[in-house]
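Chain residues, written in single-letter form:
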Amino acid sequence: MESSLNLNHLKDGESAVIRSISADGALYHRLTGLGFRVGKAIAVVRHGRFKGPVQVRIGTTDIIMRRSDAEKIRIIATAAP
Amino acid sequence: MKRIALLGMPNTGKSTFFNRLTGASARVGNWPGITVDLLSAKIILGNMVAQVVDLPGIYSFHGFSEDEKVVRDFLESNPVDAVAIVLNAAQLDRQLPFALQVVRLGLPTVLLLNMADEARHLGINIDARKMSEILRIPVILLSAKYGSGFQHVTQNLARAISANVTAGAGDVEQAFAEDHQIEAKAADLLSAAVRSPKQLPENTSARIDRVLLHPWLGLPLFFLLMFLLFQFIFTLGKPMQDGVAWALTELRTLWLEPLMAGLPAFANGLLLDGIYSGVGTVAAFVPIIILFFLVMTLVEDSGYLSRVAFLMDALMARLGLDGRSFVMLLMGFGCNVPALMGTRVMRSRDLRLLTMLVIPFSLCSARLQVFLFITAALFTVETAPAVLFSLYLLSFTTALLTALAFKNRFVSNEPFVIELPPYRLPTWRQIGLRGWHEVRHFLKRASKFITAGVVAVWLLTHIPTDVPASSSETLAGYIAAWMAPLLSPIGIDAQLSLALIFGFVAKEIVVGSLAAIYGLEGDALMGLMAQKLDWVQAYSFMLFTLIYLPCLSTVATLRTESKSRAFMLGSILWSLLLAWLASFAFYQGARLFGF
């Protein structure tokens, strides 16, 4: 069950730990540049309306990405704070 | 001369640093090995002159984005004597690996930790001396925005370029080869020299976002904000443009006309109505460009533009565009020229080109003047607002259709993963410098093209010299007659075709040219037009005017911003085709239904 969780499963305000990043090429380099690393904590701040992008926070950086890309970030759910 | 390359990730204040370091002296220029322009400036460091080059902000050296390629190619083709890395001090956890990659180049390097004030505010404690000891390069905490720490910066840059190490080509590829150790090294460095608080306090930006990115309020607030900015630019811009026009006319009547009175009529006309009007056309854009970039700097540097991307992406992604394209499209309704220049915020060339293809369809204020005149002449007071509204609607529709038609040709390879920087207020200095740079850029790149175009149209309408100017016996008249088989099926007669030729220079002069063509002015001109044209012809003419060709200045800007004559010609061809089809469908359709 847990292995199939990705970033899109998080609701606004929830956080998790990045388990793997299954992106390649340009997207992978962009993600690492912005601080996406396996083992890092990631929080979903909000979702855009009409299936718009998702805003996430890693450390001190806020990032927006499309849901199709967020799907590629697999996560391990952490207990709610 | 020594050369210093400025490297850093996006949103680190690298350009602010560059501006602070170099002042207003920066120039846009071409470089071997790359296709985009880069800003550079010469500064005096110690007893040497150094050229500082502002390279595009990138996230890594391995990426495939255009900017990443530009940086790699630049470093391979242009030897540099020193590198200055700009990092955001508040985000060292993710930016240090980037710096370590650069250090590997083996060049004299200075590490600049910018936004030190923000980092301190967040409770992040950085031991620059420790970091410097470990890395064995100078590490300086500074604030480019407020100018603190710059004494150290210039001292260390001077020392770096006097080391006499210059990187040749070939080193670059190798230096960025493998990354595995860099991550670990960055982590060590971080734990040795940086202390961050465990839990970051909820900051002001998050609170502002809760309103501006609100699920229901976000979009209405965005439109309200755009409306206000638009009003600000174009209501303030109008009197300024009028002021420029007044000054130019004064200069002409008081100085130039008496001065050139002795010249033959043709030379006089060519100099005053050709070249001088061309210069005037260019000058009229200056106030609008200044105001536009004053506002855009505010919107961009404040961080709101990336929020717009968040708000509009769901809608714009379907058109192959993004939220920033939408902002520029809206601004195009004021004036296409600065809107085209503003697309430079988009880093992906394809996204930018698609946006530039769409903007010329925005019904700008100059076109509005033509439509106001014609609707006043041919439509009743009751129907005029609906006619104008339909033109605005069609303007949007053609823009969206164009995006849909070409979105598969211009596919952005840039991943849509964008940083939302905290809200920041730019300083007046930043705003002023930006306006100055953009105006100079416009004047330098577009003025010759525009002046040449104005002169060409003047010649067309005044040769041969022994017939009445702007009449059907001039060259322009012959062109109009020659185009008649093409334009009569859409209801546009010879006189109106002539006006279209003038309209290519600037839509502002269409009404004036109609006056010259018909030899009447004001109410008399309106009366004559109402006699000669019916409403179907008039609407078809407006439709064609809306779509057929943006003004000369827009075309010049299309060319300079895309750096591609083929793109400019393609854009012109597409608009002409679309305009003809739209007018044809309307005119023949209306006639078919008996109007």
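Just so we're clear, the structure is a prediction, and the values are computed from it rather than from any experiment. (Residues numbered from 1 in each chain as written. Chains lettered and ligands numbered in written order. Predicted model: local features only at pLDDT ≥ 70, side-chain atom pairs only at ≥ 80, totals over all residues. Heavy atoms only, no water.)

Considerations on the domain arrangement of chain B
Residue and element names in this part refer to chain B.
Then comes step 1: Here chain B is described as being made up of domain 1 (2–195), domain 2 (212–362 + 393–411 + 431–445) and domain 3 (450–592).
Then comes step 2: Placing the centre of domain 2 and that of domain 3 at their C-alpha centroids yields a distance of 22 Å.
Then comes step 3: Taken together, the contact pairs 34 residues of domain 2 with 29 residues of domain 3.
Then comes step 4: Each partner contributes to the roughly 2600 Å² buried at the junction of domain 2 and domain 3, and carbon and sulfur atoms together form 76% of this total.
Then comes step 5: Among the residues of domain 2 in contact with domain 3, Phe266, Phe361 and Arg445 are the three that bury the most area, contributing 19% of the side total.
Then comes step 6: At the boundary of domain 2 and domain 3, one finds 2 salt bridges.
Then comes step 7: With a closest N to O distance of 2.7 Å, Arg352 and Glu561 form a salt bridge.
Then comes step 8: On the surface where domain 2 and domain 3 come into contact, there are 4 residue pairs in polar contact (both at pLDDT 80 or more).
Then comes step 9: Only α11 (265–301), α14 (336–342), α15 (349–358), α17 (384–406) and α18 (428–462) provide two or more residues apiece to the side of domain 2 that touches domain 3.
Then comes step 10: The biggest single contributor to the side of domain 2 that touches domain 3 is α11, with 12 residues. (Domains from an automatic or database assignment. Contact = heavy atoms within 4.5 Å. Buried area = accessible area lost by both parts, 1.4 Å probe. Salt bridge = Lys/Arg side-chain N within 4 Å of Asp/Glu carboxyl O. Polar contact = N/O pair within 3.5 Å; in protein donor to acceptor, adjacent residues only side chain to side chain. Helix = DSSP H or I, 4+ residues; strand = E, 2+ residues; numbered from the N terminus.)

Describing the interface of chain A and chain B
Then comes step 1: Listed per partner, the contact involves 31 residues of chain A and 38 residues of chain B.
Then comes step 2: Of the roughly 2900 Å² buried between chain A and chain B, counting both surfaces, carbon and sulfur atoms make up 61%.
Then comes step 3: Linking chain A with chain B are 3 salt bridges, by the criterion used here.
Then comes step 4: When its residues are assigned to classes, the side of chain A that touches chain B shows 10 nonpolar, 11 polar and 10 charged.
Then comes step 5: Pairing between strand β4 (residues 61–65) of chain A and strand β10 (residues 417–420) of chain B: 4 bridges, direction antiparallel. Within β10(B), the residue paired with A:Asp62 across the bridge is B:Leu420. (Nonpolar A, V, L, I, M, F, W, Y, C, P; charged D, E, K, R; others polar. Pairing = 2+ DSSP bridges.)

A short note on empty space enclosed by the protein
Then comes step 1: Counting across every chain of the model gives 3 cavities of 30 Å³ or more.
Then comes step 2: Considering only enclosed or pocket space, the largest cavity measures out at about 110 Å³ in volume.
Then comes step 3: Lining the largest cavity are A:His47, A:Gly48, A:Arg49, A:Phe50, A:Gly52, B:Leu213, B:His214, B:Pro215, B:Leu219, B:Phe310, B:Leu311 and B:Ala314.
Then comes step 4: A total of 3 residues in the lining of the largest cavity trace back to one element, the largest contributor, which is helix α12 (residues 304–316) of chain B.
Then comes step 5: Looking at the lining of the largest cavity residue by residue, the class counts come to 7 nonpolar, 4 polar and 1 charged.
Then comes step 6: If you add up the space inside the second largest cavity, you get close to 40 Å³.
Then comes step 7: Every residue along the wall of the second largest cavity is listed here: B:Thr16, B:Asn19, B:Arg20, B:Ala144, B:Lys145, B:Thr427, B:Arg429, B:Gln430 and B:Leu433.
Then comes step 8: Across the lining of the second largest cavity, the residue classes break down as 2 nonpolar, 4 polar and 3 charged. (1 Å grid on protein atoms, 1.4 Å probe; cavity = no way out; pocket = protein on both sides within 12 Å on 5 of 7 lines; lining within 4 Å. Points joined across faces, edges and corners; volume = space filled by probe spheres on them.)

As for helix α16 (residues 365–378) of chain B
Residues and elements named next belong to chain B.
Then comes step 1: Its 14 residues place the ends of α16 20 Å apart at the C-alpha level, agreeing with the 20 Å of an ideal helix rising 1.5 Å per residue.
Then comes step 2: Considered for burial, the residues of α16 that qualify are Ala366, Arg367, Val370, Phe371, Phe373, Ile374, Thr375, Ala377 and Leu378.
Then comes step 3: Structurally, α16 contributes buried residues whose contacts are with α14, α17, α21 (508–518), α22 (522–532) and α23 (535–547). (Expected span 1.5 Å × (residues − 1). Buried < 20%, exposed > 50% of the residue type's maximum accessible area, 1.4 Å probe, protein only.)

Structural notes on the state of the cysteines
All names here are of chain B.
Then comes step 1: Scanning the entire structure with this criterion turns up 0 disulfides over all chains.
Then comes step 2: Of the cysteine sulfurs around Cys335, a residue in no disulfide, the closest is that of Cys364, at 6.4 Å.
Then comes step 3: By relative accessible area, which is 11% here, Cys335 ends up buried.
Then comes step 4: Cysteine Cys551 is unpaired, with the sulfur of Cys364 as its nearest cysteine sulfur at 6.3 Å. (Disulfide = S-S within 2.5 Å.)

Things to note about the sheet that holds β4(A)
Then comes step 1: Here we have 6 strands laid out as an open sheet, ordered β5(A)-β1(A)-β2(A)-β3(A)-β4(A)-β10(B), and antiparallel in their pairing. Only two strands of the sheet have a single neighbouring strand rather than two, namely β5 (73–77) of chain A together with β10 of chain B. With strand direction ignored, the average angle separating the axes of adjacent strands in the sheet is 40°.
Then comes step 2: Note that strand β2 (residues 41–47) of chain A and strand β3 (residues 54–58) of chain A share 4 bridges and pair antiparallel. Paired with A:Ala43 across the strands is A:Arg57, a residue of β3(A). (Axes fitted to C-alpha atoms, helices over the stretch in contact; angles between N-to-C directions.)

Remarks on the packing of aromatic side chains
All names here are of chain B.
Then comes step 1: Across all of its chains, the model carries 18 aromatic pairs over all chains by this definition.
Then comes step 2: Seen from their ring centres, Phe222 and Phe223 are 5.1 Å apart, and the 55° between their planes marks the pair as tilted.
Then comes step 3: We classify Phe222 as buried; its relative accessible area is 0%.
Then comes step 4: Exposure remark for Phe223: the relative accessible area of 37% places this residue in the partly exposed category.
Then comes step 5: On the basis of an interplanar angle of 90° and a centroid distance of 6.0 Å, the ring pair of Phe223 and Phe326 is categorised as edge-to-face. Here Phe223, found in helix α10 (residues 218–260), pairs with Phe326, found in helix α13 (residues 323–332); they are 103 residues apart in sequence, far enough to count as distant.
Then comes step 6: A relative accessible area of 9% means that Phe326 is categorised as buried. (Phe/Tyr/Trp six-rings, centres within 6.5 Å; stacked < 30°, edge-to-face > 60°.)

What about the pairing of strand β1 (residues 2–8) of chain B?
Residues and elements named next belong to chain B.
Then comes step 1: Counting buried positions along β1 gives 7 out of 7 residues, so the element sits mostly inside the fold.
Then comes step 2: In β1, alternate side chains face the same way, and those of Lys2, Ile4, Leu6 and Gly8 on one face and Arg3, Ala5 and Leu7 on the other are all buried.
Then comes step 3: Note: β1 against strand β4 (residues 48–54), 5 bridges, orientation parallel. Bridging across to β4, Ala5 finds its partner in Val53.

Structural notes on the packing of α10(B) against α12(B)
All names here are of chain B.
Then comes step 1: The interhelical angle for the contact between α10 and α12, taken along N-to-C directions, is 130°, at an axis separation of 10 Å. Compared by their axis directions, α10 and α12 come out oblique. As for how α10 packs across α12, the hand of that crossing is left-handed. Contacts between α10 and α12 involve Gly218, Leu219, Phe222 and Leu225 from the first element and Tyr304, Val308, Leu311 and Met312 from the second. (Parallel < 35°, antiparallel > 145°, perpendicular 65-115°, else oblique. Left-handed = near helix turned anticlockwise from the far one by under 90°.)

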